[in-house]
Structure formats: structure tokens, C-alpha cells
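# Examining the three-dimensional arrangement
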Amino acid sequence: MVGASHPVPPVSGLPPSSVAAASPVVPSPRRPAGNGGGSASERVRWWYESVLGWPTAPGEPVRLRTGVRFDVLDVPADAGYATLERLGRAEQAKRAERVGRAGAAGPDGPDGAGSPVPGFPVAVQGGRMLLLVAAGAAEELPGLLEWLEWGSLPLDLTAVGTGGLMDAPPAPEPGPAGLPPRPPERDGLRGAAVWLRPPVPGCEVGSSLPALSVPGRAGTALDLARLVHTLATQCHRVRLAASGPPRARPVARVG
């Protein structure tokens, strides 16, 4: 009979209900898995965008957008190393004092000497140190320097925030402590940005970035005012010593 319906025969042994699912579907584009493949720049871009979730700007070389996940404090490397050294000694002294008060907590307790010193990502580039701080810190810097009574002095301390860019250091290669295997100064002094203390994948970087203290908010991030005051002090000392004989760069333990 014309127009009579006939059952559709099974395809490749599948039941009739599976025919619709066998229709070709064009998959949506997605980023490549693994290390991103492609050129070295593409792998670097993939690491920041897919592993850390940090936005990058189009073009070469790869640059990170500031003001989204973090801002940057830009200071002379000598002032930066001295700041990290001073802050590290102060943090170790505070931890030792807490251990003494805790007593029974022992060195591996929550406040013991076994607890890591809170850190935040730091890079070096061309004689400069780039310290990552909480997004919005760049807008706070001028007022913060005035409040700390550093506003009237010419300090080589600047901030990069919303709309700015930072050269993306190469992704750190696996090593004993997750740090680049080569001394960071080797490339940093030639002009290429390298991590002195890299971000750690899988950790919430934002919670470790220095930020202004808020009453009632607990956390381990360094207070931004304390960091800026120490940086300003060291920048002032570097400026005063600029006309003197050259000195060896202090070595800071920042891991």
C-alpha cells in the first residue's frame, strides 16, 4: 500500500532506539589537554590560562593581564631582595615566639616551626623585582604611601593594576622544590622575566597575596601596608646608596 509506514531496520545490530544517537555531532572547540602542545609560547599561555586561570593578552610575547587576579608592585631588585630578607627574618621570629608560647603544640603544631612561612609569587626582570599583590592594591598605593608618610619622597616604587600587563615568566620546570632549576638571576638580569617564587598550581593564589587588613578577617596573607612600608624603606636606602660603591646583592630565602 502506497504511503504505508515500514519499520526502520536496525543499524549495525543496534536497536531502533539507538539510531538517533548515532547521528554525527560536531564537538565544540576546546583547549588541548596535557601541556597544551604547539610552540613554546602556546605552552606558556596554556599553563597560565588553563592551569592557573590567569588571563593573558593576545600577541607575542605572552603577557599577563594585571588587575584581574592580581596587581604588581615594581621595585629595584636590590630593594626587593632586602625586603624579602627582612620580612622572612621577622616571620621566623614571630613563629619562634608562637612556638614558645604554645609549648605542648610542638614544632609540627598549627603554629609550630614546621608550618610554612606564608609566601606570595615574586618574579625578577631586568634588575627589577615584581611582587604580586591582591587585585586593587595598585589603586590603594598612593594613599597608602601618604598614610605611611612616604608620599613626599621620590621612591622608585610603582604599581601596575587594571589595564596593565606583565611579561609572563616561563612556567617553572619540575624540580626538588618545584622551583626553576637554574638561578633566576641568570635570565632576569638579561631582561627576560623569571619566577623567583612561582605560583603553585592547585592552590588559591589570591588568598596568599598581600592585601589590606580587614578587621575580623582571618588569613595568612601578608598585610599590604607592612609590605609597602618595608619596600619604601628599602627603596629609599637604595636611592641614598646609589652614589656609593657597588655592593653585592643580598641573598634572600624566599622559598
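Look above for the structure.
All of these numbers come straight from a predicted model, not from anything done at the bench. (Residues numbered from 1 in each chain as written. Predicted model: local features only at pLDDT ≥ 70, side-chain atom pairs only at ≥ 80, totals over all residues. Heavy atoms only, no water.)

### A short note on unusual backbone geometry
Residue Pro61 follows Glu60 across a cis peptide bond; omega there is -5 degrees. Relative to the helices and strands, Pro61 resides in the loop between β1 (56-57) and β2 (63-65). (Helix = DSSP H or I, 4+ residues; strand = E, 2+ residues; numbered from the N terminus.)

### Observations concerning the sheet that holds strand β7 (residues 165-167)
Strands sit in the order β1-β2-β7 across an open sheet of 3 strands; the sheet is antiparallel. This sheet does not close on itself; its edge strands, each paired only once, are β1 and β7. By the bridge criterion, 3 bridges tie β2 to β7 in an arrangement that is antiparallel. Bridge pairing in β7 places Arg63 opposite Asp167. (Pairing = 2+ DSSP bridges.)

### Quick word on the pattern of salt bridges
Side chains carrying opposite charge are able to pair once their charged atoms draw close together. Counted by the stated rule, this structure contains 4 salt bridges. One salt bridge in this structure joins Arg89 and Glu85, with 3.7 Å as the shortest N-O distance. Of this pair, Arg89 and Glu85 both sit in helix α2 (residues 77-102), 4 residues apart, roughly one helical turn. Among the residues examined, Arg89 registers a relative accessible area of 47% and is labelled partly exposed. We note a salt bridge from Asp156 to Arg128, for which the minimum N-O separation is 2.7 Å. Of the two residues, Asp156 is situated in the loop between α3 (137-147) and β6 (158-160) and Arg128 in strand β5 (residues 128-133); the sequence distance between them amounts to 28 residues. By relative accessible area, Asp156 is classed as partly exposed at 37%. Members of the salt-bridge network, linked through shared partners, are Asp74, Arg128 and Asp156. (Salt bridge = Lys/Arg side-chain N within 4 Å of Asp/Glu carboxyl O. Buried < 20%, exposed > 50% of the residue type's maximum accessible area, 1.4 Å probe, protein only.)

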